[in-house]
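Topology and contacts: notes
Letter by letter, the chains look like this.
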Amino acid sequence: MIFKRLFSVTRSLRDSLVLIEGSKGQINPASLSTVFAAAQIGEPITALVVDPSIADGAAKVEGVTKVLKTGKTYNHYLSEQVSPLLKQLIDGKFTHFLISGSSIGKSILPRLGALLDVQPLSDITKVIDGKTFVRPIYAGNALATVKSKDNVVLASVRASAFPPAKEQEAAPIEEVTAQAESDNSAEFVSEELVTSERPELGSATRVVAGGRGLKSKETFDALIDPLAQKLNAAIGASRAAVDSGFCDNSLQVGQTGKIVAPDLYFAIGISGAIQHLAGMKDAKVIVAINKDAEAPIFNVADIGLVGDLEAIVPELTEKI
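These numbers come from a predicted model, not from an experiment. (Residues numbered from 1 in each chain as written. Predicted model: local features only at pLDDT ≥ 70, side-chain atom pairs only at ≥ 80, totals over all residues. Heavy atoms only, no water.)

Some details on the overall build of the chain
- When helices and strands are counted, the chain shows 9 helices and 17 strands.
- Relative to the compact-globule value of 20 Å for 320 residues, the chain shows a C-alpha radius of gyration of 21 Å, a close match.
- Along the three orthogonal principal directions, the C-alpha set of the chain runs to about 75 × 40 × 40 Å.
- Split into buried and exposed, the 320 residues of the chain put 46% on the buried side.
- Counting only contacts in the chain whose residues sit at least 6 apart along the sequence, the fraction spanning at least 24 positions is 64%.
- Accessible surface, the chain as shown: approximately 16,600 Å² in total, 50% of it carbon and sulfur. (Helix = DSSP H or I, 4+ residues; strand = E, 2+ residues; numbered from the N terminus. Rg over C-alpha atoms; globule rule 2.2 N^0.38 Å. Buried < 20%, exposed > 50% of the residue type's maximum accessible area, 1.4 Å probe, protein only. Contact = heavy atoms within 4.5 Å. Areas by Shrake-Rupley, 256 points an atom, 1.4 Å probe, with all protein chains shown as cover.)

A word on the domain arrangement of the chain
- When its domains are assigned, the chain resolves into domain 1 (16-175) and domain 2 (206-319).
- Taking only C-alpha atoms into account, the centre of domain 1 sits 31 Å from that of domain 2.
- Counting from both sides, the interface comprises 6 residues of domain 1 and, opposite them, 8 residues of domain 2.
- Both sides of the domain 1 and domain 2 interface together cover about 600 Å² of buried area, and 47% of this is carbon and sulfur. (Domains from an automatic or database assignment. Buried area = accessible area lost by both parts, 1.4 Å probe.)

Side note on the packing of aromatic side chains
- The full count for this structure, using the stated rule, is 1 aromatic pair.
- Centroid distance Phe 220 to Phe 246: 6.3 Å. Interplanar angle 45°. Geometry classified as tilted. One end of the pair, Phe 220, is in helix H6 (residues 217-231); the other, Phe 246, is in the loop between helix H7 (239-243) and strand E15 (264-268), and 26 residues separate them in sequence. With respect to burial, Phe 220 and Phe 246 carry one shared label: buried. (Phe/Tyr/Trp six-rings, centres within 6.5 Å; stacked < 30°, edge-to-face > 60°.)

This is the structure we're talking about:
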């Protein structure tokens, strides 16, 4: 009996914990890629859901051996509330904690690292072994192989670098009764969400993105929207376009925006600043349309077309 108990404890110390994001019963696609990355470590995966509505879906994600469901819904994943709970769950029980490199992950991971006194690894793109990972540096222009010496490895995952995990037979679901209270007084007040029937930018297989070369919001809408509709593509934008008010900042692609790796990426009126390239250069096919033949975007484009956007893009849209 003692031997079996020791074995059980040893095994629990080898588990990886993955926070799966989602709401209203829908799992964030980036979390599916995070589970796939966790599976490369080769240890059992326990999934934590702080929104009970996605617990059943999380149990069916391939690689997950157990789901922990909180009895309390942590609305909007406030890091000040979720991080203390994660510390309580991880401390002495898990060797790895992975979360997607989303805005939620970027908010939770540093705070959790401080609570556990551990150095987090951000935006990993490859798992070499349980302690060694590859991550981009210098805006994605170089890849660094890093090795953690901490007892617990905390890492965020660049979703575009890993395929989403598939479905499996449902794993068991357990409820987490313990709740860690935060001394932080931060609370959620309100949000304004941009809704769209188009595919979600972070997981879309086709993206049509516009830049400063479109010159105005009216031109952006007139050229980008019809082409995206024809291709059933998500809409993206460079930071210059967002700062100029052409579209909402949730559509920004780049180092300080969303990282995408679609099958097809249209860069229309985008010069190709290094910060933007960091967010889309892993696309399988890049099509660049720009009037400046010297624009840096042509250095990474598979197909390039130099000319007047207001003449080329409507003709392209019509012929598709």
